[in-house]
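Spelled out from the first residue to the last, the chains are:
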Amino acid sequence: MSEPDARVIQLVMSLRGQGVNDRHVLAAIERTPRQLFVPERFVDHAYDNRPLPIDCGQTISQPLIVGLMTQLLEIDDRCKVLEIGTGSGYQAAILSRLARRVYTIERYRTLAKEAEARFTALRLTNITPRIGDGTKGWPEQAPFDRIIVTAGAPVRPDTLLEQLKPDGIAVVPVDNDRGTQTLVRYRHESDDGLQGEPLMDVRFVPLVEGEAKAL
Ligand code: SAH
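Residues numbered from 1 in each chain as written. Predicted model: local features only at pLDDT ≥ 70, side-chain atom pairs only at ≥ 80, totals over all residues. Heavy atoms only, no water.

A. Structural view of the site of the ligand. Taken together, 27 residues lie near the ligand, and Ser88, Glu106, Asp133, Gly134 and Val208 sit nearest. Between Glu83 and the ligand, the recorded distance is 3.1 Å, taken from a side-chain N or O atom to a nitrogen atom. Taking Ser88, its side chain carries an N or O atom lying 2.6 Å from an oxygen atom of the ligand. Protein contact buries 100% of the 580 Å² of open area that the ligand shows by itself. Within the residue set of the shell around the ligand, elements represented by two or more residues are β2 (58-60), α4 (90-96) and β4 (101-106). (Near = heavy atom within 4 Å. Polar contact = N/O pair within 3.5 Å; in protein donor to acceptor, adjacent residues only side chain to side chain. Areas by Shrake-Rupley, 256 points an atom, 1.4 Å probe, with all protein chains shown as cover. Helix = DSSP H or I, 4+ residues; strand = E, 2+ residues; numbered from the N terminus.)

In structure tokens, the structure reads:
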């Protein structure tokens, strides 16, 4: 691997100042060239701490949100992770550096294909991408140790949460009544069943049910 871009180091330092303090997560961000995940016209902004537009009217998430959500998942190298909303593939690439295996679903074929090409180029061989409706999860591969949804769910996504292992963790943006989403972390609390812990306000593109037409 070549030396990380100076801009990545700066980004990592700024994320650390904003609450991303897990060194494994920071190292994963440092090793992942975000400029390969953004459209050509935005490469100069690849290391700005902000979301950027990608194809199909979607967005690559803000690095701070990627860092915080990844940290909240407490991933180790035994984890089998499911991501809903591959988008550019950036979040999946970060996950792949920490987990044993990453399964990621995207409803737009164009995005899924572009992301897959990036995984191949970066030799991220432990990511399995798929085109389809992520709201149904991936029953053939369930259960998962961790689940991350990177699109705003209208309500608590029970179909997905049923695919979580008993000691698993899920992180999901769920629509609130302020027109944004509340990031919720779900885990099983002994006898009380699956508990949702509301953490912070976030803003994601919507999680849309069903297959995408065209694109
Ligand atoms: N994780 C992405 C950010 C994705 S933006 C990244 O790192 O770049 C959210 C993505 O979720 C969009 O690409 C959108 O098309 C996708 N999406 C929305 N609803 C979906 C669904 N039901 N199934 C799969 N993907 C979905």
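Back to the write-up after that little detour.
B. The environment of Ala27, seen in detail. Tracing the backbone shows Ala27 in helix α2 (residues 23-30). Since its relative accessible area comes to 36%, Ala27 is described here as partly exposed. (Buried < 20%, exposed > 50% of the residue type's maximum accessible area, 1.4 Å probe, protein only.)

C. Focus on the sheet that holds strand β5 (residues 127-131). Taken together, the seven strands give an open sheet; going across it, the order is β5-β4-β3-β6-β7-β8-β9, and neighbouring strands pair in mixed fashion. Looking at the sheet topology across the chains shown, the edges are occupied by β5 and β9 (194-202). Direction aside, the axes of adjacent strands within the sheet are offset by 15 degrees on average. Across four bridges, strand β3 (residues 80-84) lies against strand β6 (residues 144-149) in parallel orientation. If you follow Glu83 over to β6, its bridge partner there is Ile148. Set on the sheet, helix α5 (residues 109-121) makes contact with β4 and β5; between it and β5 the angle comes to about 165 degrees. (Pairing = 2+ DSSP bridges. Axes fitted to C-alpha atoms, helices over the stretch in contact; angles between N-to-C directions. Contact = heavy atoms within 4.5 Å.)

D. Representation of helix α1 (residues 6-17) within the structure. In this model, α1 (12 residues) spans 17 Å end to end at C-alpha, consistent with the 16 Å of a helix rising 1.5 Å per residue. For α1, the complete set of buried residues consists of Val8, Leu11, Val12 and Leu15. With its buried residues spanning 100 degrees around the axis, α1 presents them on a single face. α1 presents Ala6, Gln10, Met13 and Gly17 as exposed residues on the side facing more than 90 degrees away from its buried surface. Buried residues along α1 sit against α2 and α3 (63-73). (Expected span 1.5 Å × (residues − 1). Arc of directions from axis to C-beta.)

E. Highlighting the pattern of salt bridges. Across all of its chains, the model carries 13 salt bridges by this definition. Of the charged contacts in the structure, one is a salt bridge between Asp76 and Arg78, with a shortest N-O distance of 3.0 Å. Arg78 sits in the exposed class, given a relative accessible area of 60%. In this structure, Glu116 and Lys113 form a salt bridge, with 3.8 Å as the shortest nitrogen-oxygen distance. Here Lys113 and Glu116 lie together in helix α5, a separation of three residues that amounts to about one turn. Residues joined by salt bridges that share partners form a network here, namely Glu74, Arg185, Arg187 and Glu197. (Salt bridge = Lys/Arg side-chain N within 4 Å of Asp/Glu carboxyl O.)

F. Structural detail: the pairing of β3. Among the five residues of β3, five are classified as buried, and the element is accordingly described as predominantly covered. Inspection of the sheet shows β3 paired to β4 by five bridges, in the parallel sense. Bridge pairing in β4 places Val81 opposite Val102. Handedness of the crossover joining β3 and β4 through α4: right-handed. (Right-handed = clockwise from strand over helix to strand, strands pointing away.)

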